[in-house]
Structure formats: C-alpha cells, structure tokens
Amino acid sequence: MYEERIVAFVDVLGFKNEIEKKTVNPSVGVENEEETERVYDFISLLNKDFVKRNTSDDSTYRVSQFSDSLVISYSVSEKASVFWILMSLLYLHLGAIYHGLLIRGAVTFGKLIHDDEHLFGPAMDEAYKMESEIANFPRIIVNQKLIEAVRIINSKYPDKEFYKLQSPYTKE
C-alpha cells in the first residue's frame, strides 16, 4: 500500500507568533488588520499555488497544508520529480520572503501514503525529523540518500528520468 515518494516537509517559522502576537493586540484584544492580511495573503498563496494547483491527470503531485506546515510529494517514478519538488520549494521560499516570512524544511524519499485524506509513513516521519532536528534555521535541507539515489540511477540508467535533477525542458 505504501508508495515510494519524494517528500518535502516545510514549516513556516514564527507562524504561531505571527498569529498570536501580531494579528491581535493581546492588551486590548483588537485585530491588527495589516498583519492579519499579510498572513492571510501567504496562506492564500499556499492554497492557490500549491494546494489547489492544476496538474495533469497523470501527475503524482500531492500537497497538504495544515496550520504552519506544508507537505509536498511526488512519486519517485514521475519524470523529473526531484526537479519539480525543488522548484516548488524555491517558489515557496521566495513567496514566504516576499510576505516577510521564513521557512525551514527537509526533502527525502521513502515509503509514504499521501492522498486527499491520508498523509503518513516513514518518509513523512523522516522529513519532519530532519526539519525539526537538523535544519535548525531558515533553509531547505536534502537528505543525502536522495542525492546518492539520483547519482546512482543517473549513472546506471542514463536513459531513465526517474530522479534526474536537470530541468525537464533540457533538450536532449
């Protein structure tokens, strides 16, 4: 039932502080509409560009957003899946910076169930652990085993495009 997937776990840093301290003034209980709108705009970016992203019917792209976290995954068999997940993270990072927020995350691969109703598996646990225990500051880290898998598969099967890091737009 598990599927081999590339998974990224991303945390919006300081999100709890943004919500609790900046959007509502605790001393008077009044909403700071400017701060609320900034956080709302970033969540809208996540929903528009990641959660509700239009993909082809055959894409294995999946995304889940909850509170201050985002999980993106692709099947390892999808053409250029590593490229696409890294491009998604670049775009997310730039969007966060534009909205005055920072993100921290981790990318790995392994066994995962990720559909509209379920998100669990060893790869999810590993990505979460990497983000929370290793990344330590605003950045996206990539598990060494993913980098090694890309190198091995690219060298053994140069005609396959399962893990290629190059752009799918590269002319062959």
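This one's a predicted model, so the numbers in the text were calculated from it and none came from an experiment. (Residues numbered from 1 in each chain as written. Predicted model: local features only at pLDDT ≥ 70, side-chain atom pairs only at ≥ 80, totals over all residues. Heavy atoms only, no water.)

### Quick word on the overall build of the chain
Heads up, the rule is: Note on conventions: DSSP H or I runs of at least 4 residues are helices, E runs of at least 2 residues are strands, and numbering of each starts at the N terminus. Working rule for contacts: check all heavy atoms of both residues, and any pair within 4.5 Å makes them a contact. Computed by Shrake-Rupley with a 1.4 Å probe, the accessible areas treat only the displayed protein chains as cover when residues are assessed.
Of regular secondary structure, the chain possesses five helices and eight strands. Secondary structure of the chain in N-to-C order comes out as β-α-β-β-α-β-β-α-β-β-α-β-α. Considering only contacts in the chain between residues 6 or more positions apart, those separated by 24 or more positions represent 66%. Carbon and sulfur atoms make up 54% of the accessible area of the chain, which amounts to about 10100 Å² in all.

### A look at the confidence of the model for the chain
Basically, it comes down to this: Residue-level confidence of the predictor is summarised by pLDDT, bounded by 0 at the bottom and 100 at the top.
On average, residues of the chain carry a pLDDT of 79, and 72% of them reach 70 or more. Confidence drops under pLDDT 50 across residues 162-172; counting only partners more than four residues distant or on other chains, this segment forms 30 contacts.

### Focus: the side chain of Ser69
Here is the rule we go by: Burial classes: relative accessible area under 20% of the type maximum marks a residue as buried, over 50% as exposed, and values in between as partly exposed (1.4 Å probe, protein chains only). Throughout this description, a polar contact denotes any pair of N or O atoms lying within 3.5 Å of each other; where both atoms belong to protein, one of them has to be capable of donating a hydrogen while the other can accept it, and for residues adjacent in sequence the pair is counted only when both atoms sit in side chains.
One can find Ser69 in strand 5 (residues 69-75). Residue Ser69 is classed as buried on the basis of its relative accessible area, which comes to 8%. Here Asp68 takes part through its side chain, which lies 3.5 Å from a polar atom of the side chain of Ser69. Ignoring anything within four residues of it in the chain, the contact list for Ser69 reads Phe9, Val10, Asp11 and Ser64.

### Here's the deal with helix 4 (residues 122-135)
This is how the line gets drawn: Helix span is expected to be 1.5 Å times the residue number reduced by one.
Between its first and last C-alpha, helix 4 extends 18 Å over 14 residues, near the 20 Å set by a 1.5 Å rise per residue. Next to the buried residues of helix 4 lie strand 1 (3-13), strand 5, strand 6 (102-114), strand 7 (119-120) and strand 8 (140-142). Positive backbone phi, at 65°, marks Asn136, one or two positions downstream of helix 4.

### Some words on the nonpolar core
Here is the rule we go by: In this text, buried Ala, Val, Leu, Ile, Met, Phe, Trp, Tyr and Cys residues form a nonpolar core when linked through side-chain atoms within 4.5 Å.
In this structure, Ile6, Phe42, Ile72, Ile85, Leu89, Leu92 and Val107 are the most contacted members of the largest nonpolar core, which totals 27 residues. Breaking this core down by element, the ones donating at least two residues are strand 1, helix 2 (33-51), strand 5, helix 3 (81-98), strand 6 and helix 5 (144-156). Residue contributions to this core peak at five residues, all from helix 3. Setting aside chain neighbours within four positions, we find Val107 in contact with Ile6, Val7, Ala8, Ile85, Leu89, Met130, Ile140, Ile141, Val142, Asn143 and Leu146. Counting residues in hydrophobic clusters, the runner-up holds seven residues, among them Val7, Val71, Leu112 and Ala127.

### A word on unusual backbone geometry
The phi dihedral of Ser67 is positive, around 50°, even though this residue is not glycine. With a phi close to 65°, Asn136 is a non-glycine residue in the positive phi region. Tracing the backbone shows Asn136 in the loop between helix 4 and strand 8.

### Concerning the side chain of Glu131
Following the sequence through the fold, Glu131 ends up in helix 4. If sequence neighbours within four positions are ignored, Glu131 has contacts with Phe9, Asp11, Arg104, Gly105, Ala106 and Asn136.

### Considering helix 3
For an α-helix, 3.6 residues make a turn, and residues three or four places apart therefore share a direction. Here helix 3 contains 18 residues, and its C-alpha end-to-end distance of 26 Å stays within 8% of the 26 Å for a straight helix at 1.5 Å per residue. All of the buried residues along helix 3 are Ser81, Val82, Phe83, Ile85, Ser88, Leu89, Leu92, His93, Gly95 and Ala96. Looking one or two places after helix 3, you find Gly100, whose phi comes out positive at around 75°.

### Examining the pairing of strand 5
The condition that has to hold: Two strands form a pair only when DSSP identifies at least two bridges running between them.
With seven of its seven residues buried, strand 5 lies for the most part within the structure. The alternating pattern of strand 5 places Ser69, Val71, Ser73 and Ser75 on one face and Leu70, Ile72 and Tyr74 on the opposite face, and all of these are buried. Sheet topology note: the strand 1/strand 5 ladder contains seven bridges and is antiparallel. In the sheet register, Phe9 faces strand 5, and the bridge partner there is Val71. Note that strand 4 (residues 62-66) and strand 5 share five bridges and pair antiparallel. For Arg62, the partnering residue across the bridge sits in strand 5 and is Ser73.

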